[in-house]
Amino acid sequence: MSLADLTLDQWRSFDLPAARRFAEEAAGRVDGRVTLVETTEHLGAPLHRVRIEREGQQFALIPGGPVTLGFDPDGWRPTPWQTADYARSLAQGFADGPDLRAHLARVLSPRRSAVLATVLMAVEDEDLTEEPADMPAVLAERGLRMPSSDEWEHACGAGAETLFRWGDDCPLDGLPYGAGPGPRNEPSAFGLRIAYDTYRSELTSDVTAVHGGDGGESVCGGYGHLLAWLPLATAHRNPSMAEFVYGPDGGGLCEDSSTRPVLAL
């Protein structure tokens, strides 16, 4: 089995020594070194986390294979406070649909299946240094590339079918940005710092999507508590912001966006 062909199910079947051997093989392939191999729990079963350092940058191992992505609003049951909070946002003209499920259907990617290669993905997103169209060439000089939207969603959710990577709800007494305790500041299942601050906005190779935040638009605009948190949802693609970023008015704003480099195995 090649490194890139490792599936998430196979990865879950490894014991810790086998996971460490695989991590060492992956590190050798990219001239890196293993800095972490640990086992956590995710979706009721053990899941290994691996970090590999290459040229001073930390990467997490993201096992692929057949995966389920996106979100199914029709199969989701909002809490009473979520429904009420959305109704307040709708009354103030900030919502994008007659009800919460309709809004989610417009801003989240649909439920679907995909087959992904196993990759190494940067633990931290990094600010763009050039315009989005020029970033693939910039990253290629370092042997890296931008992730696809499917890769980003899988790396964020790790198979979870919930609205956010940590569950279906957001803290009533918390903010979707800044330091402090809370699920958004905890590492993801694969050990990434991802979907952690709505003031961030991560770009991928898909020009129709912006992930992990909306540049603070929903917070600054007073959209409401739930809609302020929603840009951190795993399947959130923010099509209106993507249209702006890649449109004629988005030029020169590269410093306001980031990407999460991928290292192929």
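Structure's up top.
Being a predicted model, the structure only gives us computed values, none of them experimental.

Engineer: Where do I start with the overall build of the chain in this structure?
Structural biologist: When you go through the chain residue by residue, the secondary structure sums to nine helices and eleven strands. In terms of overall size, the chain behaves like a compact globule, its C-alpha atoms giving a radius of gyration of 18 Å where 265 residues would be expected to give roughly 18 Å. Dimensions of the chain, computed from the C-alpha atoms along their principal axes, are close to 55 × 45 × 35 Å. Evaluated residue by residue, the chain yields a buried proportion of 49% over its 265 residues. Within the chain, residue pairs in contact and separated by at least 24 positions form 71% of the contacts whose partners lie at least 6 positions apart. For the chain, the accessible area works out to roughly 11700 Å², and carbon and sulfur atoms hold 52% of it.

Engineer: Would you take a moment to explain the sheet that holds strand S7 (residues 126-127) for this structure?
Structural biologist: Either a parallel or an antiparallel arrangement is found when strands of a sheet pair, and the pairing is made through backbone hydrogen bonds. The sheet built from four strands is open, its strands ordered S7-S10-S8-S9 with mixed pairing. With one partner strand each, in any of the chains shown, S7 and strand S9 (210-211) form the two edges of the open sheet. Pairing analysis gives two bridges linking strand S8 (residues 202-203) to S9, with the strands arranged antiparallel. Directly across from Leu 203, in S9, lies its bridge partner Val 210.

Engineer: Mind showing me how you'd approach the sheet that holds strand S2 (residues 45-54) here?
Structural biologist: Sheet architecture is open: five strands sit in the order S1-S2-S3-S6-S11, paired in antiparallel fashion. At either end of the open sheet lies a strand with only one pairing partner, and these are strand S1 (33-42) and strand S11 (262-264). Neighbour-to-neighbour, the strand axes of this sheet turn through a mean angle of 30°, independent of strand direction. Alignment of S1 against S2, held across nine bridges, turns out to be antiparallel.

Engineer: Just to check I follow, could you spell out the side chain of Asp 214 for this structure?
Structural biologist: Here Asp 214 is to be found in the loop between S9 and helix H7 (217-220). Buried charged residue Asp 214 carries no salt bridge. Nearest counter-charge: Arg 200, at 11 Å. A distance of 3.2 Å separates the side chain of Asp 214 from the backbone nitrogen of Glu 217, its partner in a polar contact. Reaching out from Asp 214, the side chain makes a polar contact with the backbone nitrogen of Ser 218 at a distance of 2.9 Å. In this view, Asp 214 contacts Thr 198, Arg 200, Pro 231, Asn 238 and Met 241; residues no more than four positions away in its chain are not counted.

Engineer: It is not clear to me how the pattern of salt bridges should be interpreted in this structure. Could you clarify?
Structural biologist: A side chain with one charge can pair with a side chain of the opposite charge if their charged atoms come near. Following the criterion strictly, the structure yields 18 salt bridges and no others. Between Glu 53 and Arg 33 there is a salt bridge, with the nearest N and O atoms lying 2.7 Å from each other. You can see Glu 53 sitting in strand S2 and its partner Arg 33 sitting in strand S1, a full 20 residues away along the chain. With its nearest N and O atoms 3.9 Å apart, the salt bridge here joins Glu 55 to Arg 54. For Arg 54, a relative accessible area of 13% gives the class buried. Because the salt bridges share partners, they merge into one network encompassing Arg 112, Asp 150, Glu 153, Asp 206 and Arg 237.

Engineer: Which parts of the structure should I look at to understand helix H6 (residues 149-157)?
Structural biologist: Three or four residues apart is the spacing at which side chains of an α-helix point the same way, because the helix has 3.6 residues per turn. Burial runs high along H6: eight of the nine residues are buried. Within H6 the residues assigned to the buried category are Ser 149, Glu 151, Trp 152, Glu 153, His 154, Ala 155, Cys 156 and Gly 157.

Engineer: Honestly, the packing of aromatic side chains in this entry has me stumped. Any pointers?
Structural biologist: Pairs of aromatic rings are described using the distance from one ring centre to the other and the angle between the two planes. With the rule as written, the count across this model stands at eight aromatic pairs. Judged by centre distance (5.7 Å) and plane angle (70°), the ring pair of Trp 11 and Phe 14 falls under edge-to-face. Aromatic pair Phe 14 and Phe 22: ring centres 6.2 Å apart, planes at 50°, arrangement tilted. Accessibility expressed as a relative area gives 22% for Phe 14, which makes it partly exposed.

Engineer: Please explain the state of the cysteines as it appears in this structure.
Structural biologist: Tallying each qualifying case throughout the model produces zero disulfides. Not part of a disulfide, Cys 170 finds its nearest cysteine sulfur in Cys 156, a span of 15 Å. Looking at Cys 170, the relative accessible area reads 4%, which means it is buried. Cysteine Cys 220 remains unbridged, with the sulfur of Cys 170 as its closest cysteine sulfur at 17 Å.

Engineer: Please explain unusual backbone geometry as it appears in this structure.
Structural biologist: Peptide bonds are mostly trans, and most non-glycine residues show a negative phi. Although it is not a glycine, Leu 43 adopts a positive phi angle of roughly 55°. If you trace the backbone, Leu 43 turns up in the loop between S1 and S2. Taking the relative accessible area as the measure of exposure, Leu 43 reaches 56% and is therefore exposed.

Rules of the game
Residues numbered from 1 in each chain as written. Predicted model: local features only at pLDDT ≥ 70, side-chain atom pairs only at ≥ 80, totals over all residues. Heavy atoms only, no water. Helix = DSSP H or I, 4+ residues; strand = E, 2+ residues; numbered from the N terminus. Rg over C-alpha atoms; globule rule 2.2 N^0.38 Å. Buried < 20%, exposed > 50% of the residue type's maximum accessible area, 1.4 Å probe, protein only. Contact = heavy atoms within 4.5 Å. Areas by Shrake-Rupley, 256 points an atom, 1.4 Å probe, with all protein chains shown as cover. Pairing = 2+ DSSP bridges. Axes fitted to C-alpha atoms, helices over the stretch in contact; angles between N-to-C directions. Lys, Arg positive; Asp, Glu negative; His and termini not counted. Salt bridge = Lys/Arg side-chain N within 4 Å of Asp/Glu carboxyl O. Polar contact = N/O pair within 3.5 Å; in protein donor to acceptor, adjacent residues only side chain to side chain. Phe/Tyr/Trp six-rings, centres within 6.5 Å; stacked < 30°, edge-to-face > 60°. Disulfide = S-S within 2.5 Å.

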